[in-house]
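What follows is the residue order along each chain.
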Amino acid sequence: MEFAELIRTGQAQAELLRGPEEPPLRGTLCITGHHLMLSPGPQATPDLWLLLLRNVDSIEKRVAGDSGTITLRCKDLRVLQLDIEGVEATLDIARSIEALSSLESVITSFPFFYRPKGLRLGDAWHFHPPECYYKRVARETNAWRLSEANEDFSLCPSYPRAVIVPRAVDDSALARSARFRQGGRFPVLSYYHAPSGTVLLRAGQPLTGPQKRRCSEDEDLLRAVLAGARPGARGFIVDTRSPQAAKQARMTGGGTEAKAAYPGWKRLHRPLETGRPLQESFVRLVEACGDLEQSMDRWLNRLESCRWLSHVKETLSTACLAAQSMEQEGACVLVHGAEGTDSTLLITSLAQLILDPLSRTMAGFQELIEREWIQAGHPFQLRCAHSAFSHARPKHEAPTFLLFLDCVWQLGRQFPLSLEFGEGMLLALFDHAYASPFGTFLCNNEKERCLCEVRTRTHSLWSGLSQPKEQRKLRNPLYVPNPLAIWPSAEPQSLRLWQGDPPPPPWRSSRLCSASLPVLFLLRPVSARDPST
Amino acid sequence: MLGKGVVGGGGGTKAPKPSFVSYVRPEEIHTNEKEATEKEVTLHLLPGEQLLCEASTVLKCVQEDSCQRGIYGRLVCTDFKIAFLGDDESALDNDETQFKNKVIGENDITLHCVDQIYGVFDEKKKTLFGQLKKYPEKLVIHCKDLRVFHFCLRYTKEEEVKRIVSGIIHHTQAPKLLKRLFLFSYATAARNSPATDPKKHAVMFDTLQDWCRELERTKGNMKYKAVSVNEGYKVCERLPAYFVVPAALLEEDIVFFQGRGIPIWCWSCHNGCALLKMSALPKEQDDGVLQIQKNFSDRIYKTVHRPPYETAKTEDLSSNFLSLQEIQMAYSKFKQLFLIDNSTEFWDTDIKWFSLLESSSWLDIIRRCLKKAVEIIECLEAQNMNVLLLEDNASDLCCLVSSLAQVMMDPHCRTIFGFQSLVQKEWIMGGHCFLDRCNHLRQSDKEEHQRQLSLPLTQSKSSPKRGFFREETDHLIKNLLGKRISKLINSSEELQDGFREFYDGWHSRPPSYQGLLLPRLEGPEIKVWAQRYLRWIPEAQILGGGGVATMSKLLEMMEEVQRLQEKVEVRHHSQEALQAEAASPPRTSGRLSSLFPFALLQRHSSKPVLPTSGWKALGDEDDLAKREDEFVDLGDV
């Protein structure tokens, strides 16, 4: 397919509104296959790459007289307003942006065309977390092994090729356990906590169904986990659904572990919302933030009613529970909800940040994201298809990853010295998860990434971020390694709304739309100054 | 809320809320009993302090979760404080002793600090006052600094219970004579206070020179003069002995209505505009008197509206701004959010936290105070007008608004001594009725609604102010100010446009920290001052984290820079490489909690702040899981 077919007008004269303190910027607006650019003319500053078209979440057009206005609301929560000369031009530009921004094909997306200077293809794809992480585990314990049973993604399409499993369980048992778990997600090791010798596992829900089916290999696997930890070890199964929801899941073939079948394991239910309620909460939050003028007096009520912070609170406290079980109670923990690709990953990754000092370093955090989100099969493409401004009804969208980043931000705020990375890192990850020139967040799982040859044909975000000029923005200058667990307070009094990094100061606002698509701020509506209001 | 199986949709797991009363059983506490009898803590009395009554074998309850534990000790009441003497004072870390209060211990409650006293009778909590017919089994004391103490009297001898309870009630609630306040006996007993260097001292504003110097400092001495007409409080008791008025004002006018109806100078802006305050003329019915008042006001008006004086804008704080009752009501609602009897209660407020916070409207009051100050600054700075604050006695909201405006405009007020001087000038000399507003003398209930006004007032002023102050000194202000492009604040108002332009304009320019500083006024920017309000709530503390961590890190770095600077200087002078001098050991910030230096009571060095503790609590869940499985089994049949 040719992009040219979708571009009705390649160019138009336009003005970019930049807030009341700055004059609008005039220039020629250009649409390319992936970008929107504003070229202010030969004498002025270089062209501004306004945005990646994939970043457009909603587009609003208005015409009056012989000109028009387009308001672009972006997935990274920026709002851009352009005044365009000519009614036809306005409509054509708007239609072109609409068409180009809603392309779903992965292999025609920008990362497949992005060839920055100074980076080589294939760099930084050398993170192979399962193998790499396995080496770390193997140094400490002999109870685990690296299994390549999923080499061709036949056991579980959303797991990577290699996973870490109990040494005592062979690949054929894994295959049977996989058939017993939703999406084939049999229990695998997520984190080994050396100080207490306990492990964190994740899985999909067991497919017990109304008949209360059992699977002896699955039971053996979990028994082997406890036996591998130490004789008489106990475990908790943290189910991220309410007991009712877990019970109801049986009607549709799912369910939860029956107590009798898994001796030594206790089930804890910590309902965490995912999917549509989470997406709606995000939309309401962004609405409330963009609506400050009206809601000034009722701000706190609105903040409460959008429930975002209670999601943060529940998530953090569940992660704390998992961490506490491992560190204080010396128990192993298995986390799953239904599919095991959303709240499950939230909990396992946050528990690691709480417990593991290594995951709080720059490299460790990137490895954690790669291992616990990307390779663990969080469906980024589905979840991040739209952000808070889209008018489309959410189908698979959910800001699970943003919720994770928010929780990490809360950790960083509560422990300002203990994370090596700063807010800039979290914002960069948020932006790149929704629209990115890099291939890291493309597709829904490793299998799809293999099919699209993402690793060989796109650049990795990690190599992008490792450039020295980026590093400066991502680091926490106050970092002091903290060997201890960091226990956050998850009370609402201790949680803050993540308002995001301040925008570049307006008196240096030439940076506002500089070519590198700067990391902007999260809840920018506070400052977003949506020019249409 | 953690580990409680709460959360919407959770099935019937909600832990039963423990009833209020403590049911500590002797077998749970006898371990401490022995120790308590062995370690007798001596009562530390200040000079002039007298022991009034005491009771032994009182159990101070530590209320965490629903498990109830306690420490035995002696409860005493002196003419200064209520003190509990137990073996609670475990060894403190170095960092903590550094900040230990030498006058008021962890378990001391000064009589001034007592807010409400409750008794628990048969598991019911009742306010205690006056003569008691029946004595409670438990005493609950809510303090003005938001601590909550529970003293169980069940194991105390009846005689002693009577004595201590009625003693405490009497000494904290009965009306008092000013002369009987403890500080007077203290001052008599401890006369030899060390002399302080006058340079390192706040300006007291109790001499004519102090005011003259302040006039010079702000360059207000051309148009304003310090007067001594009230020396010996001949004119009026409300006003200080010395104060400043427009130079053109006649002394007889000051005397005419006992200092009412005349503009009194607060502060001069760099452009010559001044912030003035005025107490209203007495309300009169009589036409003749009204006419006299009118003529007087006109004369004053003419004097101060003629050049060299700028036109003055009058800001009537009595009618167009917050009322004291509003502030008082908001504060009493607000403080209830922090006076927590037990942790369960605290978790129960979790879900409603923001709406409870909002319904107290305390944060909104803070916002309105800040906004009023910014409006006044806009008049002074942008419109080159004088601002005349008008209030009945010019001693409540006038103090608040004018000191806020000065902190924002005058960098001197953001230094430690400048800030102390400002409080002295605007609040102490400004005649704020601390005694009434805090009801230190426990006057009758008639003034109930007026009680404690200054507490919220000082807080409403000091919370934003303190923010400023500290950030200024730490160069952290960048993080708070001057970055976000703003949206505006309130709808239709006359000065809206000018105000908005001023406010937006300031925030879009790089701030000069030695000049005007404006706070953000948007709702989300006004936050609960955690260090003030949450300091006694263990659930809200973050061990080894919080702003305290940043702060101590910065202090460490500053000290290191200083050390290096000194080294450089020494080398510079002596050209000799220093022999490995014993470098002072770096401060070990240790694992301070975010509430440091408060909340010393809750020192669980490594315990995570998770209410769920281990197998016991989790066992409940297990039962649930079992039940559920059984239920399903039945269903299948």
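Residues numbered from 1 in each chain as written. Chains lettered and ligands numbered in written order. Predicted model: local features only at pLDDT ≥ 70, side-chain atom pairs only at ≥ 80, totals over all residues. Heavy atoms only, no water.

- Taking an unreviewed UniProt entry as the reference, chain B is identified by name as Myotubularin related protein 12 belonging to Ovis aries.

**A closer look at the overall build of chain B**
So, point 1. Within chain B, the secondary structure is distributed over 21 helices and 14 strands.
So, point 2. In chain B, the proportion of contacts linking residues at least 24 apart, taken out of those at least 6 apart, comes to 70%.
So, point 3. Carbon and sulfur atoms make up 55% of the accessible area of chain B, which totals about 30800 Å². (Helix = DSSP H or I, 4+ residues; strand = E, 2+ residues; numbered from the N terminus. Contact = heavy atoms within 4.5 Å. Areas by Shrake-Rupley, 256 points an atom, 1.4 Å probe, with all protein chains shown as cover.)

**Some details on the nonpolar core**
So, point 1. Core analysis: the biggest nonpolar cluster contains 184 residues, and A:Trp265, A:Phe365, A:Ile369, A:Phe401, A:Phe404, A:Leu429 and B:Phe338 have the highest contact counts within it.
So, point 2. A per-element tally of this core places helix H12 (residues 362–381) of chain B first, with twelve residues.
So, point 3. What A:Phe404 contacts, discounting residues up to four positions off in sequence, is A:Leu346, A:Ser349, A:Leu350, A:Leu353, A:Phe365, A:Leu368, A:Ile369 and A:Trp373.
So, point 4. Counting 27 residues, the second largest nonpolar core, distinct from the first, contains B:Ile117, B:Phe121, B:Ile164 and B:Ile168. (Core = buried A, V, L, I, M, F, W, Y, C linked by side-chain atoms within 4.5 Å. Buried < 20%, exposed > 50% of the residue type's maximum accessible area, 1.4 Å probe, protein only.)

**Re the packing of aromatic side chains**
All names here are of chain A.
So, point 1. A full pass over the atoms with the stated rule returns 30 aromatic pairs over all chains.
So, point 2. Put simply, the rings of Phe-365, Trp-373, Phe-380, Phe-401, Phe-404, Phe-421 and Phe-441 touch in pairs and so form one group of aromatic residues.
So, point 3. We note Arg-73 situated over the ring of Phe-389; from NZ or CZ to the ring centre the distance is 5.9 Å.
So, point 4. One Lys or Arg, Arg-371, reaches over the ring of Tyr-133 and ends 3.8 Å from the middle of that ring. (Phe/Tyr/Trp six-rings, centres within 6.5 Å; stacked < 30°, edge-to-face > 60°. Lys NZ or Arg CZ within 6 Å of the ring centre and 35° of its normal.)

**Focus on the pattern of salt bridges**
All names here are of chain B.
So, point 1. Under the criterion given, the structure shown has 49 salt bridges over all chains.
So, point 2. Of the charged contacts, one joins Lys-223 and Glu-310 as a salt bridge, the two residues approaching to 2.7 Å between their closest N and O atoms. Of the two residues, Lys-223 sits in the loop between helix H5 (208–217) and strand S9 (224–227) while Glu-310 sits in the loop between helix H7 (287–305) and strand S13 (312–316), which places them 87 residues apart along the sequence.
So, point 3. If you follow the salt bridges from partner to partner, you end up with Lys-313, Glu-315, Lys-371, Lys-372 and Glu-375 in one network. (Salt bridge = Lys/Arg side-chain N within 4 Å of Asp/Glu carboxyl O.)

**What to know about the sheet that holds strand S10 (residues 188–193) of chain A**
Residues and elements named next belong to chain A.
So, point 1. Taken together, the five strands give an open sheet; going across it, the order is S10-S11-S14-S12-S13, and neighbouring strands pair in mixed fashion. Of all the strands in the sheet, just S10 and strand S13 (265–269) have a single pairing partner and so form its edges. On average, each strand axis in the sheet is inclined to that of its neighbour by 20°, with strand direction left out of account.
So, point 2. As defined by bridge partners, strand S12 (residues 235–239) adjoins S13 across five bridges and the pair is classed as parallel. Considered in S13, the bridge of Val-238 is made with Leu-268.
So, point 3. The sheet strands contacting helix H10 (residues 343–355) are S10, strand S11 (198–202) and strand S14 (332–336), and the helix crosses S11 at an angle near 155°. (Pairing = 2+ DSSP bridges. Axes fitted to C-alpha atoms, helices over the stretch in contact; angles between N-to-C directions.)

**So, H7(B)**
All names here are of chain B.
So, point 1. Here H7 contains 19 residues, and its C-alpha end-to-end distance of 26 Å stays within 8% of the 27 Å for a straight helix at 1.5 Å per residue.
So, point 2. Buried within H7 we find Gln-293, Phe-296, Ile-300, Thr-303, Val-304 and His-305.
So, point 3. Buried residues in H7 make contact with strand S10 (243–246), helix H6 (251–256) and S13.
So, point 4. The opening residue of H7 is Asp-286, an N-cap whose side-chain oxygen sits 3.0 Å from the backbone nitrogen of Gly-288. (Expected span 1.5 Å × (residues − 1). Polar contact = N/O pair within 3.5 Å; in protein donor to acceptor, adjacent residues only side chain to side chain.)

**Description of the sheet that holds strand S14 (residues 386–391) of chain B**
Two strands in a sheet stick together by hydrogen bonds in their backbones, pointing the same way (parallel) or opposite ways (antiparallel).
Residue and element names in this part refer to chain B.
So, point 1. Strand order in this open sheet of four strands is S11-S12-S14-S13, and the pairing throughout is mixed. Only two strands of the sheet have a single partner each, and these edge strands are strand S11 (264–268) and S13. Averaged over all adjacent pairs, the angle separating strand axes in this sheet is 25°, with direction ignored.
So, point 2. Two strands pair when backbone bridges link them, and S11 and strand S12 (residues 274–279) are joined in this way by four bridges, in the antiparallel orientation. Along S12, the bridge assignment pairs Trp-265 with Leu-276.
So, point 3. Where H12 meets the sheet, its contacts fall on S12, S13 and S14, and the angle it forms with S14 comes to roughly 145°.

**A few points about the environment of B:Leu397**
Residues and elements named next belong to chain B.
So, point 1. In this fold, Leu-397 is placed in helix H13 (residues 397–409).
So, point 2. On the accessibility criterion, Leu-397 (2% relative accessible area) is buried.
So, point 3. Sequence separation between Leu-397 and Ala-549 is 152 residues; the distance between their C-alpha atoms is 36 Å.

**Here we look at the packing of helix H9 (residues 308–327) of chain A against H10(A)**
Residues and elements named next belong to chain A.
So, point 1. Closest axis-to-axis distance for the H9/H10 pair is 8 Å, and the angle between their directions is 60°. One element, H9, and the other, H10, form an angle in the oblique class. Crossing hand, H9 versus H10: right-handed. Judged by residue contacts, Thr-315, Thr-318, Ala-319, Cys-320, Ala-322, Ala-323, Met-326 and Glu-327 of H9 engage Leu-346, Ile-347, Leu-350, Ala-351, Ile-354 and Leu-355 from H10.
So, point 2. Split into classes, the residues belonging to the contact of H9 with H10 amount to eleven nonpolar, two polar and one charged. (Parallel < 35°, antiparallel > 145°, perpendicular 65-115°, else oblique. Left-handed = near helix turned anticlockwise from the far one by under 90°. Nonpolar A, V, L, I, M, F, W, Y, C, P; charged D, E, K, R; others polar.)

**Let's talk about the confidence of the model for chain A**
All names here are of chain A.
So, point 1. Taken over all residues, the pLDDT of chain A has a mean of 84, while the share at 70 or more is 89%.
So, point 2. Within chain A, the lowest mean pLDDT, 30, falls on helix H19 (residues 525–528), and the highest, 96, falls on H10.
So, point 3. Taken as a whole, residues 502–533 scores under 50 in pLDDT and shows 94 contacts with residues more than four places along the chain or in a different chain. (pLDDT = per-residue confidence, 0-100.)

**Topic: the state of the cysteines**
So, point 1. In this structure the tally under the stated criterion is zero disulfides over all chains.
So, point 2. With no disulfide of its own, A:Cys443 lies closest to A:Cys452 among cysteine sulfurs, the gap being 4.0 Å.
So, point 3. Not part of a disulfide, B:Cys269 finds its nearest cysteine sulfur in B:Cys273, a span of 6.0 Å. (Disulfide = S-S within 2.5 Å.)

**Focus: the pairing of S11(B)**
So, point 1. Buried residues dominate S11(B), accounting for five of its five residues.
So, point 2. If you look at the hairpin formed by S11(B) and S12(B), you'll find five residues sitting between the two strands, and B:Gly272 has a positive phi there, around 95°.

**Side note on the environment of B:Cys77**
Residue and element names in this part refer to chain B.
So, point 1. Mapped onto the elements, Cys-77 comes out in strand S2 (residues 67–78).
So, point 2. Between the C-alpha atoms of Cys-77 and Thr-110, which are 33 residues apart in sequence, the distance is 9.4 Å.
So, point 3. Here Cys-77 is in contact with Leu-51, Leu-52, Cys-53, Ile-82, Leu-111, Ile-164, Gly-167, Ile-168 and His-171, once residues within four sequence places are set aside.

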